[in-house]
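# Descriptive analysis of the structure
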Protein chains: 4
Amino acid sequence: MNAVRTVPALTNQAARAIMEAAIAAAEQTDQRFSIAVVDAAGHLNAFARMDGAPHITIQVATDKAYTAAGFGMSTEAWHDFIKNDAPLAMGAPAQIDRIVTFGGGIPITSGGHIIGGVGVCGGHWSHDIKIAEAGLAAIA
Amino acid sequence: MNAVRTVPALTNQAARAIMEAAIAAAEQTDQRFSIAVVDAAGHLNAFARMDGAPHITIQVATDKAYTAAGFGMSTEAWHDFIKNDAPLAMGAPAQIDRIVTFGGGIPITSGGHIIGGVGVCGGHWSHDIKIAEAGLAAIA
Amino acid sequence: MNAVRTVPALTNQAARAIMEAAIAAAEQTDQRFSIAVVDAAGHLNAFARMDGAPHITIQVATDKAYTAAGFGMSTEAWHDFIKNDAPLAMGAPAQIDRIVTFGGGIPITSGGHIIGGVGVCGGHWSHDIKIAEAGLAAIA
Amino acid sequence: MNAVRTVPALTNQAARAIMEAAIAAAEQTDQRFSIAVVDAAGHLNAFARMDGAPHITIQVATDKAYTAAGFGMSTEAWHDFIKNDAPLAMGAPAQIDRIVTFGGGIPITSGGHIIGGVGVCGGHWSHDIKIAEAGLAAIA
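Reading the values: rules and limits
- Residues numbered from 1 in each chain as written.
- Chains lettered and ligands numbered in written order.
- Predicted model: local features only at pLDDT ≥ 70, side-chain atom pairs only at ≥ 80, totals over all residues.
- Heavy atoms only, no water.
- Helix = DSSP H or I, 4+ residues; strand = E, 2+ residues; numbered from the N terminus.
- Rg over C-alpha atoms; globule rule 2.2 N^0.38 Å.
- Buried < 20%, exposed > 50% of the residue type's maximum accessible area, 1.4 Å probe, protein only.
- Lys, Arg positive; Asp, Glu negative; His and termini not counted.
- Charge placed at Lys NZ, Arg CZ, Asp CG, Glu CD.
- Contact = heavy atoms within 4.5 Å.
- Buried area = accessible area lost by both parts, 1.4 Å probe.
- Salt bridge = Lys/Arg side-chain N within 4 Å of Asp/Glu carboxyl O.
- Polar contact = N/O pair within 3.5 Å; in protein donor to acceptor, adjacent residues only side chain to side chain.
- Nonpolar A, V, L, I, M, F, W, Y, C, P; charged D, E, K, R; others polar.
- Phe/Tyr/Trp six-rings, centres within 6.5 Å; stacked < 30°, edge-to-face > 60°.
- Lys NZ or Arg CZ within 6 Å of the ring centre and 35° of its normal.
- Least-squares fit on C-alpha atoms with pLDDT ≥ 70 in both.
- Expected span 1.5 Å × (residues − 1).
- Arc of directions from axis to C-beta.
- Pairing = 2+ DSSP bridges.

## Focus on the overall build of chain A
A tally of regular secondary structure across chain A gives five helices and five strands. From first element to last, N terminus to C terminus, chain A shows the α and β order β-α-β-β-α-α-α-β-β-α. The C-alpha radius of gyration of chain A comes to 15 Å, within 12% of the 14 Å expected for a compact globule of 140 residues. Expressed as lengths along the three principal axes of its C-alpha atoms, the size of chain A is roughly 55 × 40 × 25 Å. Counting over 140 residues, chain A shows a buried share of 57%. The averaged location of the 12 negative side-chain charges in chain A is 2 Å from the averaged location of its 8 positive side-chain charges.

## What to know about the interface of chain B and chain A
Taken together, the contacts link 19 residues of chain B with 21 residues of chain A. Across the chain B to chain A interface the summed buried area is about 1700 Å²; carbon plus sulfur atoms make up 65%. At the boundary of chain B with chain A, the tally comes to one salt bridge. At the junction of chain B with chain A, the criterion picks out six residue pairs in polar contact (both at pLDDT 80 or more). Taken together, the elements giving at least two residues each to the side of chain B that touches chain A come down to helix H2 (56–71), helix H3 (77–82) and helix H4 (86–95) of chain B. Looking at the side of chain B that touches chain A residue by residue, the class counts come to eleven nonpolar, six polar and two charged.

## What about the packing of aromatic side chains?
Counting across every chain of the model gives eight aromatic pairs over all chains. An angle of 85 degrees between the planes, with centres 5.6 Å apart, marks the rings of Trp78(C) and Phe81(C) as edge-to-face. Of this pair, Trp78(C) and Phe81(C) both sit in helix H3 (residues 77–82), separated by three residues, roughly a single helical turn. Residue classification places Trp78(C) among the buried positions, given a relative accessible area of 3%. Joined through ring pairs, the aromatic side chains of Phe71(A), Trp78(A) and Phe81(A) make up one cluster. The residue whose ring lies beneath Arg98(A) is Tyr66(A), and the NZ or CZ to ring-centre distance is 3.9 Å.

## Side note on the relation of the copies chain B and chain A
By a simple turn and slide, chain B fits onto chain A: the slide is 0.5 Å along the axis, the RMSD is 0.2 Å, and the turn is 90 degrees. The operation mapping one copy onto its partner corresponds to a four-fold rotation axis. For chain B, the smallest separation between a C-alpha atom and the rotation axis is recorded for Ala94(B), amounting to 3.8 Å. The residues that chain B uses at the interface reappear at the interface of chain A in only 5% of cases, marking distinct surfaces.

## As for helix H5 (residues 125–136) of chain C
Every α-helical turn comprises 3.6 residues, leaving residues that sit three or four positions apart pointing alike. Residues and elements named next belong to chain C. For H5, with twelve residues, the first-to-last C-alpha span of 16 Å sits near the 16 Å given by 1.5 Å per residue. Listed as buried for H5 are Asp128, Ile129, Ile131, Ala132, Gly135 and Leu136. For H5, the angular spread of buried residues about the axis comes to 165 degrees, placing them on one side.

## Quick word on the pairing of strand E4 (residues 105–110) of chain A
All names here are of chain A. Among the six residues in E4, five count as buried, and that is most of the element. Summarising the sheet, E4 and strand E5 (residues 113–121) pair through six bridges and their orientation is antiparallel. Residue serine 110 lies in a different strand from E5, and its bridge partner there is histidine 113. Joining the antiparallel neighbours E4 and E5 is a turn of two residues, in which glycine 111 adopts a positive phi near 55 degrees.

## Description of the arrangement of the chains
The assembly contains five pairs of chains in contact; the pair sharing the most contacts is chains A and C. Chain B makes no contact with chain D; the smallest distance between any of their C-alpha atoms is 15 Å.

## Overview of the interface of chain A and chain C
With 20 residues of chain A at the interface, the matching set in chain C holds 20 residues. Buried surface at the junction of chain A and chain C, both sides included, amounts to about 1600 Å², of which 64% is carbon and sulfur. Taken as a group, Met1(A), Ala3(A) and Arg5(A) account for 29% of the area that chain A buries against chain C, more than any other trio of residues on that side. Connecting chain A to chain C are zero salt bridges.

## A short note on the relation of the copies chain A and chain C
Each copy of the sequence occupies a distinct position, and chain A is placed on chain C by a rotation of 180 degrees and an axial shift of 0.0 Å, giving an RMSD of 0.0 Å. Such a combination of rotation and displacement between the chain copies is what one expects of a two-fold axis. Closest approach to the rotation axis within chain A is made by the C-alpha atom of Val7(A), at a distance of 2.8 Å. Interface overlap between copies: 100% of the residues of chain A at the interface are likewise at the interface in chain C, consistent with a symmetric, same-surface contact.

## Let's talk about the pattern of salt bridges
Proximity of charged atoms lets side chains of opposite charge pair with each other. Applying the stated criterion to the full structure yields 22 salt bridges over all chains. Asp39(A) is the salt-bridge partner of Arg49(D), the closest N and O atoms lying 3.3 Å from each other. Residue Arg49(D) is found in strand E2 (residues 44–49), and its partner Asp39(A) is found in strand E2 (residues 34–39); the two belong to separate chains. For the residue pair Arg49(D) and Asp39(A), the accessibility class agrees, reading buried in each case. In this structure, Lys83(C) and Asp80(C) form a salt bridge, with 2.9 Å as the shortest nitrogen-oxygen distance. We classify Lys83(C) as partly exposed; its relative accessible area is 44%.

## Concerning the side chain of Asp63(D)
Residue and element names in this part refer to chain D. One can find aspartate 63 in helix H2 (residues 56–71). A distance of 2.8 Å separates polar atoms of two side chains, one belonging to aspartate 63 and the other to arginine 98. Those residues in contact with aspartate 63 that sit more than four places away from it in its chain are Arg98 and Val100.

Written as structure tokens, this is what we have:
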């Protein structure tokens, strides 16, 4: 029996680099965002709320990161995934705790393993995605 | 007055056998799952999260088992049950705490009595059902 | 920058082996227990509630495992750790969510890393420790 | 009637500077910490969990910051404040949601106004205080 397996994990240094790169990109826009990075377990690893970002963005950014790490799928992909699957379309959005099914949460992977997620909220979800992608570019 | 009645109850040995059989079936696939078995009260009785199953599957598998034991109906059956009943379709999915209305939760019965539920999450709900059924076959 | 680090993780096979060994030891006693194994993040990995174990043992066993993994310290050690530190003695037991500060939760480690925790509840905490230790012997 | 007043507020730039300075100080020790900075409303503004910090430190660091901002008093001061006031000593530690009454949370003030709080968890609370103070030095 193998009692122990070895898995890759996101460093906090990388999580903060993602966050800082997302902030830098956000400062080029006229919108303000919360940025959350979680580990593979969904636990918060790095977070910032830019001045002027509405307070509800704290929750939504964090839950987007949680959802992305929790399924290994961009939150943007959820709508296409469920829209023609009536039971999932009716059930999943309300029933899976902390799920977010619109864009702005992207999984972080390494060698095919989910090692975390980044979540951004502050603009329309199409803008949030751009900021999340700019954050992830820091570790590309 | 009969103060006491006798009810059938799921043994933990059976709950673990269901769980192990579900794991064995899952290992034949390329997906990884969480498997939960609850008793008639909805309380957790046996649980396993396979290596590589996303962490959100813990919650969803457990809630599927809870829902199945809670109404004595497969979670898959909920969608057909409510889709043409507008008040239920609008209300039930979001309002009943811990309800899941897509497949993967199956009640466990004995002599017409609900004695528990098994819930599986890790693939599409149509796959989750197969794993739950393989688990239940252990006590058929 | 190192974006990725490598960490050891408990396998579910080991978690279930710990659980089964704890059950086997418990069956030699006249008490009945719940046994929980969590991963390093505190997420449930394997669980069983033996027939006859009170339902509150589900919660306490799970929280003992969570506490043990959360600090990398046996829950038994907490009392000695805080009893002469007045601020901690007054504060920690009530203020740290899900903490348990009596015996029955033991961390699982590998090469100096916390990889999880086992928690047992069903007898006096001194008995719970014996069952947890018997479980851990399965992967020693 | 003055409908509007002006209040000082912590910038996110300052919150991240506090966090980075705390991390830099922590790296000089052999312990690993979570560091949280909240605003005057108790809402999370900046956060990091260093590699190796136990997962429960996420919760405790955040609640220390929340408590410090919530009363404008160091969490360390709570014990002396309540220990000889029997009703408070019995009640406050368990009854005020998210309160922490041991050291590691320090309010952030400007001109006599509370503008936020920093909370640190990872070592004994006496160590946590040192890291929090090192963080605050960044904006002194």
